[in-house]
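Next come the chains, spelled out residue by residue.
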Amino acid sequence: MTIVKQDFGCVDGEKPVHLYTLKNSNGCEARITNYGGIVVSLTVPDRTGKPGDVVLGFNTLEEYLKGHPYFGAIIGRYGNRIAQGKFTLDGVAYTLAANNNENHLHGGLKGFDKVVWQAEIVEGQDGDALALSYLSKDGEEGYPGNLSVKVVYTLSDDNQLRIDYAATTDKPAVVNLTNHAYFNLAGEGSGDILGHEIMLNANRFIPVNAGLIPTGELRPVKGTSLDFTKPVAIGARIDSGDEQLRLGRGYDHCFVLNREDSSVTLAARVYEPTTGRVMEVYTDQPGVQLYTGNFLDGSKVGKRGIAYGYRNGFCLETQHFPDSPNKAHFPTTVLRPGQTYSSHTSYRFSVR
Ligand code: BGC
């Protein structure tokens, strides 16, 4: 893999930001900026070998700075929602921004998606990799602990985009990192994603209330419109009237991955019939949030000048369960001094 660095503009008129182009030997290319760690583009071949960009995003930094629904970004400190933006850790109560109605979403007002990361090209096991580092200060966005975070992007020759996350803290903290890429395997800007067939390796999902906060239950998918244990088109049941789908305006749910231990396992497989593109998601995380772009409304115009409308992209955010800091029976997201948070996700591309 080779990496080429180019200027991408400035944040706050002073902090230079770069765009890194990662290329493998099989015609895959990823462009990633150290602003928000955003995957700006991801080009992979279709079944005829024709390359296409399968993630939503913009051509310029200015468009990202104007605000967007987390296109391609690293999400932290806590991906997904924390009820009322409040939690208690070791008897100390913390209050975070309520930036999603009364709840906290994706790290707050200025989460990891909006900060400038320090970038370094490092040697990984598959050639060069892009390492992004960020020190989130104690109290930033209301969270406790100086949190030192490192995210490494690797594009390997077998057409995998791998993301390795690590973090350490000097005080008890909570952490839940993910990436918020919106995919459209037919190519960004080619309409809705309802025809994509998806399989999720999950026999249970996490039902939510009207604020999209988990009720606490882990509910079997069997017999519901959330059963993706066998491949089904995203659009087949999305408007079935299922109460959970009405609350999410579509799929916006965390699925509990079937696993026996914390090793890397297949979380999802998605197939786009017109181009033959297949994307598999592997992770060591307990859950994956399937979000079907239900809040995309055509107000953001993408890289080819085409507006991103309702359900024009889907996300598969590998993560811990939402609101874990307030749900003692969910796997813990607490990180203590001396421990290292680590998580791995890879997006593997092929054709059928
Ligand atoms: C959430 C959605 C939210 C979206 C914001 C997703 O991860 O699950 O509820 O609207 O991010 O872009």
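Heads up: the structure comes first, above all this text.
Each chain carries its own residue numbering, running from 1 in the direction its sequence is written. Per-residue local features are limited, in this predicted model, to residues with pLDDT of at least 70; the limit for side-chain atom pairs, both in listing and counting, is 80 or more; totals at the level of whole chains, interfaces and linings are taken over all residues. As a rule here, side-chain values come from all non-hydrogen atoms in the structure, and water together with hydrogens is ignored.

Engineer: Would you mind showing me how to read the pairing of strand 27 (residues 341–351) here?
Structural biologist: The side chains of a regular strand alternate, first on one face of the sheet and then on the other. Sheet analysis places strand 14 (residues 160–169) next to strand 27, joined by 8 bridges and oriented antiparallel. Its bridge partner lying in strand 27, Ala166 is registered against Ser342. Pairing geometry for strand 23 (residues 277–283) and strand 27, over 7 bridges, is antiparallel. In the sheet register, Arg277 faces strand 27, and the bridge partner there is Val351. Strand pairing is assigned whenever DSSP detects at least two bridges linking the two strands. Labels follow the DSSP assignment, with helices taken as runs of H or I lasting at least four residues and strands as runs of E lasting at least two, numbered in each case from the N terminus.

Engineer: Mind showing me how you'd approach the pairing of strand 9 (residues 92–95) here?
Structural biologist: Two strands pair when backbone bridges link them, and strand 8 (residues 86–89) and strand 9 are joined in this way by 4 bridges, in the antiparallel orientation. Its bridge partner being in strand 9, Lys86 is matched across the sheet by Thr95. Here strand 8 folds back onto strand 9, and the loop between the two strands holds 2 residues, one of which, Asp90, carries a positive phi near 50°.

Engineer: Got a minute to help me understand the sheet that holds strand 18 (residues 204–205) in this structure?
Structural biologist: Two modes of strand pairing occur in sheets, parallel and antiparallel, and in both the strands are linked by backbone hydrogen bonds. A sheet is described by the order of its strands in space; here 5 strands give the open sequence 19-18-21-24-25, paired in antiparallel fashion. Each edge of the sheet is formed by a strand with only one pairing partner; in this case those strands are strand 19 (219–220) and strand 25 (315–319). Here strand 21 (residues 252–256) pairs with strand 24 (residues 287–291) via 5 bridges, running antiparallel. Each bridged residue has a counterpart across the sheet, and for Phe255 the counterpart in strand 24 is Val288.

Engineer: Help me out: how do you make sense of the packing of aromatic side chains in this one?
Structural biologist: Two descriptors summarise a pair of aromatic rings, namely the distance from one centre to the other and the angle between the planes of the rings. Think of it this way: a Phe, Tyr or Trp ring, Trp meaning its six-membered ring, pairs with another when their centres are within 6.5 Å, and the plane angle makes it stacked under 30 degrees, edge-to-face over 60, tilted otherwise. One pass over the structure, following the stated rule, counts 16 aromatic pairs. Ring plane angle 80° and centroid distance 5.0 Å describe the contact between Phe71 and Tyr182, whose orientation is recorded as edge-to-face. In this pair, Phe71 is assigned in the loop between helix 1 (61–65) and strand 6 (74–75) and Tyr182 in the loop between strand 16 (178–179) and strand 17 (197–200), connecting sequence segments 111 residues apart. Each residue is assigned to one of three classes by its accessible area relative to the maximum for its type, calculated with a 1.4 Å probe on protein chains only: buried under 20%, partly exposed between the two thresholds, exposed over 50%. Phe71 gets classed as buried once you look at its relative accessible area, which sits at 0%. Classification of Tyr182 as buried rests on a relative accessible area of 2%. Ring plane angle 40° and centroid distance 5.9 Å describe the contact between Phe183 and Phe314, whose orientation is recorded as tilted. Here Phe183, found in the loop between strand 16 and strand 17, pairs with Phe314, found in the loop between strand 24 and strand 25; they are 131 residues apart in sequence, far enough to count as distant. Residue classification places Phe314 among the buried residues on the basis of a relative accessible area of 0%.

Engineer: Looking at this structure, I do not really get the nonpolar core. What am I missing?
Structural biologist: Within soluble globular proteins, side chains that are nonpolar generally end up buried alongside one another. Counting 61 residues, the largest nonpolar core has Leu22, Leu42, Tyr153, Phe255 and Leu316 as its most contacted members. Ranked by the residues each element gives to this core, the list is headed by strand 13 (residues 147–156), at 5 residues. By nonpolar core we mean a set of buried residues, namely Ala, Val, Leu, Ile, Met, Phe, Trp, Tyr and Cys, connected to one another through side-chain atoms within 4.5 Å. Of all hydrophobic cores here, the second largest spans 21 residues; its members include Val17, Tyr35, Ile38 and Tyr70.

Engineer: It is not clear to me how the site of the ligand should be interpreted in this structure. Could you clarify?
Structural biologist: Any residue with a heavy atom lying within 4 Å of a molecule or strand is counted as near it. In the region of the ligand, the neighbouring residues are Pro69, Tyr70, Arg81, His106, His180, Tyr182, Leu212, Asp252, Gln289, Tyr291, Phe295 and Glu317. Within the side chain of Arg81, a nitrogen or oxygen atom sits 2.7 Å from an oxygen atom of the ligand. One of the side-chain nitrogen or oxygen atoms of His180 is found 2.8 Å away from an oxygen atom of the ligand. Of the pockets mapped on this structure, the ligand occupies the largest pocket. Residues are grouped as follows: Ala, Val, Leu, Ile, Met, Phe, Trp, Tyr, Cys and Pro are nonpolar; Asp, Glu, Lys and Arg are charged; all remaining types, including Gly, are polar. Broken down by class, the residue content of the shell around the ligand amounts to 6 nonpolar, 3 polar and 3 charged. Any N or O atom pair separated by 3.5 Å or less is treated as a polar contact, with the protein-specific requirement of one donor-capable and one acceptor-capable atom, and with residues adjacent in sequence counted only for side-chain atom pairs. Grid points spaced at 1 Å and placed over the protein atoms alone form the basis of the search, with a cavity being a set where a 1.4 Å probe fits but cannot get out and a pocket an open set showing protein on both sides within 12 Å along at least five of seven lines. Lining residues have an atom within 4 Å of a point. Molecules are considered to sit inside a cavity or pocket once more than half of their atoms lie within 2 Å of its grid points.

Engineer: Teacher, can you tell me more about empty space enclosed by the protein here?
Structural biologist: Using a probe with the size of a water molecule, rolled over the atoms, empty space left in the structure can be pinpointed. Grid points are joined across faces, edges and corners, and a volume is the space filled by probe spheres set on the points. The tally for this structure, following the rule as stated, stands at 3 cavities of 30 Å³ or more. If you add up the space inside the largest cavity, you get close to 40 Å³. Forming the boundary of the largest cavity are Asn80, Arg81, Ile206, Val208, Leu212, Asp252, His253, Cys254, Gln289 and Pro322. Among the elements that line the lining of the largest cavity, the one with the most residues is strand 21, at 3 residues. Taken together, the residues that form the lining of the largest cavity break down as 5 nonpolar, 3 polar and 2 charged.

Interpretation note: all reported values are geometric properties and have no functional meaning in isolation.
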